Amino acid sequence: MSEEKEKVIVDRSKLVKAKSAEIERNTENSAQKSTVISAQKSAVNNTHKSTEKSVSKGVGNGKKKDSKKKKTAKQYAISFFIKVGVTALVVVLLLYFVVGVYVNHSNTGYPMVKDGDLCLTFKLAQLHKGDEIAYEVDGTIHFGRIVAEAGEVVDIGDEGLTVNGYGLYEDTVYPTTGEGAKISFPYTVPNDSLFVLNDYRPDATDSRTYGGIPMKDTKGKVVLLLRKRGV
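Description of the structure in this document. (Residues numbered from 1 in each chain as written. Predicted model: local features only at pLDDT ≥ 70, side-chain atom pairs only at ≥ 80, totals over all residues. Heavy atoms only, no water.)

1. Digging into the sheet that holds strand β3 (residues 132-137)
Applicable threshold: Two strands are counted as paired when DSSP detects at least two bridges linking them. The way it works is that DSSP assigns letters per residue, a run of H or I at least four long becomes a helix, a run of E at least two long becomes a strand, and they are numbered from the N terminus.
Strand order in this open sheet of seven strands is β1-β2-β11-β3-β4-β9-β10, and the pairing throughout is antiparallel. Of all the strands in the sheet, the pair left with one neighbour each is β1 (99-103) and β10 (213-214). Looking at chain direction, β3 and strand β4 (residues 140-149) are connected through six bridges and run antiparallel. Its bridge partner being in β4, E132 is matched across the sheet by R145.

2. A closer look at the packing of aromatic side chains
Operational definition: Aromatic rings from Phe, Tyr and Trp, with only the six-membered ring used for Trp, were paired whenever their centres fell within 6.5 Å, and each pair was classed as stacked if the ring planes differed by under 30 degrees, edge-to-face if by over 60, and tilted otherwise.
For the structure on display, the rule yields four aromatic pairs. A centroid spacing of 4.9 Å and a plane angle of 80° characterise the contact between Y174 and Y200, whose relative ring orientation is edge-to-face. Separated by 26 residues along the polypeptide, Y174 in the loop between β7 (166-167) and β8 (187-188) and Y200 in the loop between β9 (193-197) and α3 (207-210) bring together distant segments of the chain. Through a chain of ring-to-ring contacts, three or more aromatic side chains come together here, namely F185, Y187 and F195.

3. Examining the pattern of salt bridges
The line we're drawing: Throughout this description, the term salt bridge denotes a Lys or Arg side-chain nitrogen within 4 Å of a carboxyl oxygen of Asp or Glu. Exposure is judged per residue with a 1.4 Å probe applied to protein chains only, and the accessible area is read against the type maximum: over 50% gives exposed, under 20% gives buried, and values in between give partly exposed.
Per the counting criterion, the structure on display carries nine salt bridges. Ionic pairing is found between K221 and D131, a salt bridge with its closest N-O pair at 3.7 Å. Here the residue K221 occupies a position in strand β11 (residues 218-226), and D131 occupies one in the loop between β2 (118-122) and β3, the gap between them amounting to 90 residues. Taking relative accessible area as the criterion, D131 reaches 11% and is therefore assigned buried. Several salt bridges share partner residues, and in doing so they unite E132, R145 and D199 into one network.

4. Let's talk about the nonpolar core
This is how the line gets drawn: In this text, buried Ala, Val, Leu, Ile, Met, Phe, Trp, Tyr and Cys residues form a nonpolar core when linked through side-chain atoms within 4.5 Å. Whether two residues are in contact is decided by their heavy atoms: any pair within 4.5 Å suffices.
Core analysis: the largest hydrophobic core is formed by eleven residues, namely V147, A148, V154, I156, L161, V163, I183, Y187, V189, F195 and L197. Of all the secondary structure elements, the ones that give two or more residues to this core are β4, β5 (153-157), β6 (160-163) and β9. Once you skip the residues sitting within four places of it in the chain, V189 turns out to touch A148, E149, A150, G151, E152, V154, L194 and F195. Counting residues in each nonpolar core, the second largest holds eight residues, with L127, I133, Y135 and I213 among its members.

5. Regarding the sheet that holds β6
Strand order in the open sheet formed by four strands is β7-β6-β5-β8, and the pairing between neighbours is antiparallel. If you trace the sheet from one side to the other, it starts and ends with β7 and β8, each paired once. For β5 and β8, the ladder comprises two bridges, and the chain directions are antiparallel. Residue pairing in the sheet places V154 in a bridge with Y187 of β8.

6. A look at the environment of R208
Convention followed: Side-chain atoms alone can form a polar contact between residues adjacent in sequence; in general such a contact is a pair of N or O atoms within 3.5 Å, and within protein one must be able to donate a hydrogen while the other accepts it.
Summarising the element assignment, R208 is placed in helix α3. Residue R208 is classed as buried on the basis of its relative accessible area, which comes to 0%. Along the sequence, R208 and A181 sit 27 residues apart, while their C-alpha atoms lie 4.8 Å from each other. Apart from the residues lying within four places of it in its own chain, the contact partners of R208 are I156, T177, A181, K182, I183, F185, F195, L197, R201 and D203. Among the polar contacts listed, one links the side chain of R208 to the backbone oxygen of R201, at a separation of 2.9 Å.

7. Things to note about the pairing of β4
Across the ten residues that make up β4, a large majority, seven, are buried. Taking the residues between adjacent antiparallel strands as the criterion, β3 and β4 are bridged by two residues, where D138 takes a positive phi near 55°. With four bridges connecting them, β4 and β9 associate as antiparallel partners. Opposite A148, over in β9, you have F195 as the bridge partner.

8. A few points about the side chain of E152
Within the element layout of this structure, E152 appears in the loop between β4 and β5. For E152, a relative accessible area of 14% puts it in the buried group. Looking at E152, its side chain comes within polar contact range of the side chain of K129, at 2.8 Å. Not counting the four nearest positions on each side in its chain, E152 is found in contact with K129, V163, N164, Y187, T188 and V189.

9. Some thoughts on the side chain of T176
Checked against the element boundaries, T176 lands in the loop between β7 and β8. Look at T176 and you get buried, because its relative accessible area is 12%.

This is how it looks when you write it as structure tokens:
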């Protein structure tokens, strides 16, 4: 009887161990399943959140684009007037400091500058002998050619025009005379002045009448002519 009892006890202990092992396996499986389920739930939640963000971004970009597209008439008007104002300011600055635009109303510059010609001058140009320039006397614009600079001695006599005692070669049609001059020769050109003669030399309304032309009254070198008459 004792052997049989021992055998029964052994069989029962084996059965208990087998059941406990089965319970442990079931517990591990349920833990793994719960882990997989939580991971799936987390993935779903992340996907949902990213979708919501992308949708909200798309809506925000759409709103920004709409706000850029929507421009009021007032804004268009302000932008237009700003552009017009800037353009006008640039033109005024150019005309005042850089470029001069003048119409010749006489024949003193003939044959180069004729009556009615539109003359463009460059005010920043360095002026030298032989340059055709525009200058102002008593509010009137004149055109003439530089023949002498400050400090030089100009004389007009029987031998014609001389500067510092030397004859001056000029590509002009008319001879230079002192007839009608209101200054006496020889004449020394004052500081910061130029001696200017008309290309049409019979007309003495130039430095022979006004003397040296102050540099502050010069309006630049003639660089372009637009001829409207006598083409």
